[in-house]
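# A closer look at the structure
The chain contents come next:
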Amino acid sequence: MTLVAGIDSSTQSCTVVVLDADDGTLVRRGRAAHPPGTEVDPAAWEQALTEAVAEAGGLEDVAALAVGAQQHGYVSLDEAGEVVRPALLWNDNRSAPQAAALIEDLGGPRAWADAVGSVPVASFTATKARWVAEHEPAHAARTAAVCLPHDWLGWRLLGAPGLDALTTDRGDASGTGWFDARSDTYRPDLVQLALGHQALLPRVLAPSEVAGEVRALAPGALLAAGTGDNMAAALGLQAQVGDVVLSVGTSGVACAVATEQSADGTGTIAGFADATGRFLPLVATLNAARVLDAGARLVGVDHAAFSDLALAAPPGADGLVLVPYLEGERTPALPDATGSLHGLTLATMDAAHLARACVEGVLCGLADALDALRDSGVDIRRVVMVGGGAQSEAVRRIAPQVFGTEVLVPPAVEAVADGAARQAAWALAGSEAPPLWQVPGTVAYDGDVVPRIRERYAEARGSVLDRLPD
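Residues numbered from 1 in each chain as written. Predicted model: local features only at pLDDT ≥ 70, side-chain atom pairs only at ≥ 80, totals over all residues. Heavy atoms only, no water.

### With respect to the pairing of strand 1 (residues 3-9)
Here strand 1 lies mainly inside the structure; seven of its seven residues are buried. Burial of the side chains of strand 1 extends over both faces: L3, A5, I7 and S9 are buried on one face and V4, G6 and D8 on the other. Across seven bridges, the pairing between strand 1 and strand 5 (residues 62-69) is parallel. In the sheet register, I7 faces strand 5, and the bridge partner there is V67. (Buried < 20%, exposed > 50% of the residue type's maximum accessible area, 1.4 Å probe, protein only. Helix = DSSP H or I, 4+ residues; strand = E, 2+ residues; numbered from the N terminus. Pairing = 2+ DSSP bridges.)

So this is what it looks like as structure tokens:
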């Protein structure tokens with residue numbers, strides 16, 4: 001049996017899976033937590049990876065591996081390869097003013113969409129580089145190279161042989177704000193615009209290309225290109241053109257496999273690339289499963305009981321609506337917004353109605369994302385829902401009432417880690433296409449759409465927008 005490994009270095013934890021390269025059967029796995037916060041010393045990722053590998057029984061028998069990791073982020077290195085400052089993560093919103101300034105500097109949102117397929121928001125690497133340049137000029141001046149979390153971990157697995165050995169893939173690179181996935185080239189002018197000077201950027205590998213031979217944790221194994229977490233999840237789920245993957249995780253994500261890059265001048269859709277040579281137009285929200293976490297904590301129950309409460313309340317929660325901008329919001333770009341509860345009455349002031357409003361609020365945000373993809377011309381044939389939030393029975397059963405379409409929920413697989421492992425198997429085989437693995441156990445959820453859920457949500461969201469300063 002030939003074994004491959006996939007690494008998911010997410011915002012909250014690191015997961016390692018070891019799979020049979022022929023059919024994707026899980027052999028073993030391990031997991032370790034990451035520290036909380038929106039800026040982290042990258043050494044913590046490496047430590048968590050080491051712990052997860054140990055829990056997985058080691059990787060000495062693995063022939064190839066790949067890293068899938070949280071997108072965006074800003075990891076800066078000096079000429080000696082030392083980390084300049086803690087990495088700024090995708091969910092760090094401090095660079096929102098810099099995002100607005102960069103948009104203006106290039107001539108507006110349309111100019112950015114035409115240049116790189118996406119309009120910068122605070123999540124993007126380029127905006128974080130501008131923040132560092134403005135607020136920490138000494139750190140910016142010391143920066144010789146900028147890379148992403150998956151790039152840095154892969155480089156460390158290679159033994160950190162030198163800055164010129166840094167590699168990435170077109171999927172993860174497309175979330176930086178300075179890479180054009182249509183031509184597969186960096187835009188040095190945008191690096192200059194953001195950081196104030198040029199910096200070395202990772203070499204962009206082809207989807208099945210090998211980055212090198214692993215030196216740490218799995219000596220002698222091949223290191224595949226790796227990619228961003230959303231791209232790896234789509235690969236792990238074997239998504240095809242016409243599929244939309246809805247991830248209800250730390251963030252809420254709707255991404256569709258497409259043959260052409262989107263260029264949305266409104267900034268709603270990010271024109272990312274995928275991990276196979278195609279594209280992955282994506283709409284992201286900051287508020288998803290953690291809204292459910294907060295709701296369960298507020299009413300003092302676990303997730304299973306919270307799901308039962310939500311299902312005990314009627315569709316539409318008798319008019320109770322949660323606009324769940326608990327951490328600001330990325331889509332729409334409202335980094336300073338807060339959450340709000342509408343329609344609170346004596347009849348709705350109980351745990352069941354609140355639970356229902358939490359679930360519906362998260363799903364309404366994702367429904368808006370689906371609408372945006374459809375409006376851009378994306379052909380949506382199937383909706384596949386994954387992520388920790390998708391394990392909630394309430395989320396699964398209420399989703400069709402909000403989306404108005406059948407929702408497929410695969411088993412609780414590690415989609416990102418599995419996608420990284422599938423990429424590793426692809427690189428190991430040297431084939432034209434990634435291997436086809438069976439994903440048994442997918443369940444279909446259906447039900448009649450309830451229009452008033454989204455109608456009331458739209459009214460509540462509109463009142464929030466009206467109160468925000470221009």
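### Comments concerning the side chain of D92
Secondary-structure assignment places D92 in the loop between strand 7 (87-88) and helix 2 (96-106). Polar contacts involving the side chain of D92 include one to the side chain of T38, which spans 2.9 Å. Among residues more than four places away in sequence, those in contact with D92 are T38, E39, A122 and K128. (Polar contact = N/O pair within 3.5 Å; in protein donor to acceptor, adjacent residues only side chain to side chain. Contact = heavy atoms within 4.5 Å.)

### What about the packing of aromatic side chains?
Within this structure, the stated rule accounts for three aromatic pairs. For the ring pair W45 and W152, a centre distance of 6.3 Å and an interplane angle of 70° mean the geometry is edge-to-face. Of this pair, W45 sits in helix 1 (residues 42-55) while W152 sits in helix 6 (residues 149-157), placing them 107 residues apart in sequence. For the pair shown, W45 and W152 are each scored as buried. Seen in terms of ring centroids, F179 and Y186 are 5.4 Å apart; in terms of plane orientation they differ by 70°. Their pairing is edge-to-face. Above the face of the W131 ring, R94 is positioned so that its terminal group lies 4.7 Å from the ring centre. In this arrangement the basic side chain of R170 is found over the ring face of F279, its NZ or CZ atom lying 5.1 Å from the centre. (Phe/Tyr/Trp six-rings, centres within 6.5 Å; stacked < 30°, edge-to-face > 60°. Lys NZ or Arg CZ within 6 Å of the ring centre and 35° of its normal.)

### With respect to the nonpolar core
In terms of nonpolar packing, the biggest core is built from 54 residues, with L246, L363, L373, M385 and F403 touching the most fellow members. Among the elements that line this core, the one with the most residues is helix 12 (residues 351-375), at 14 residues. With sequence-adjacent residues up to four places away left out, M385 is seen in contact with L246, V248, A390, V395, R396, A399, V407, L408, V409 and P410. Counting residues in hydrophobic clusters, the runner-up holds 40 residues, among them A32, L59, A87 and A145. (Core = buried A, V, L, I, M, F, W, Y, C linked by side-chain atoms within 4.5 Å.)

### Observations regarding the pairing of strand 17 (residues 252-256)
Across the five residues of strand 17, five count as buried, placing the element largely inside the fold. Burial along strand 17 is two-sided: the face carrying G252, A254 and A256 and the face carrying V253 and C255 are both buried. Direction of pairing for strand 16 (residues 243-248) relative to strand 17: antiparallel, over a ladder of five bridges. The residue bridging V244 from the neighbouring strand is A256, located in strand 17. Taking the residues between adjacent antiparallel strands as the criterion, strand 16 and strand 17 are bridged by three residues.

### Structural notes on the packing of helix 9 (residues 229-236) against helix 14 (residues 415-429)
It is the contact of helix 9 with helix 14, at a shortest axis distance of 7 Å, that shows an interaxial angle of 75°. When the axis of helix 9 is compared with that of helix 14, the two are roughly perpendicular. Between helix 9 and helix 14, the contacting residues are D229, A232, A233, L235 and G236 on the first element and A415, V416, D418, G419, A420, R422 and Q423 on the second. When the residues that make up the contact of helix 9 with helix 14 are grouped by side-chain class, the tally is six nonpolar, three polar and three charged. (Axes fitted to C-alpha atoms, helices over the stretch in contact; angles between N-to-C directions. Parallel < 35°, antiparallel > 145°, perpendicular 65-115°, else oblique. Nonpolar A, V, L, I, M, F, W, Y, C, P; charged D, E, K, R; others polar.)

### Quick notes on helix 3 (residues 109-116)
Listed as buried for helix 3 are W112, A113, A115 and V116. The buried residues of helix 3 occupy an angular sector of 165° when the element is viewed end-on, so they sit on one face. (Arc of directions from axis to C-beta.)

### A look at the environment of G57
Inspection of the secondary structure assignment puts G57 in the loop between helix 1 and strand 5. Expressed as a C-alpha distance, the spacing of G57 and R28, which sit 29 residues apart in the sequence, is 7.5 Å.

### Observations regarding the environment of V132
Within the fold, V132 resides in helix 4 (residues 125-135). Once the C-alpha coordinates of V132 and L88 are considered, the two residues, 44 residues apart in sequence, prove to be 9.7 Å apart. Setting aside chain neighbours within four positions, we find V132 in contact with Y74, R85, L88, P137, H139 and A140.

### Things to note about the pattern of salt bridges
Per the counting criterion, the structure on display carries 26 salt bridges. Residues E213 and R215 are paired through a salt bridge, measuring 3.4 Å at the closest nitrogen-oxygen approach. On the basis of relative accessibility, which here comes to 55%, the residue R215 falls in the exposed class. (Salt bridge = Lys/Arg side-chain N within 4 Å of Asp/Glu carboxyl O.)

### Overview of the packing of helix 1 against helix 6
Running from N to C, helix 1 and helix 6 cross one another at 60°; their axes reach a closest spacing of 10 Å. It follows that helix 1 is oblique to helix 6 by the angle criterion. Between helix 1 and helix 6 lies a crossing whose hand is right-handed. The residues of helix 6 that touch helix 1, namely those facing P42, A43, W45, E46 and L49, are P149, W152, L153, R156 and L157. For the contact of helix 1 with helix 6, a count of residues per class yields eight nonpolar, no polar and two charged. (Left-handed = near helix turned anticlockwise from the far one by under 90°.)

### Side note on the side chain of D264
Relative to the helices and strands, D264 is located in the loop between strand 17 and strand 18 (270-273). Despite its burial, D264 pairs with no opposite charge; the closest candidate is R110, at 5.5 Å N-O. Within polar-contact distance, the side chain of D264 engages the side chain of T266 at 2.8 Å. Side-chain polar atoms of D264 contact the backbone nitrogen of T268, separated by 3.1 Å. Not counting the four nearest positions on each side in its chain, D264 is found in contact with R110, A113, G117, V119 and I269. (Lys, Arg positive; Asp, Glu negative; His and termini not counted.)

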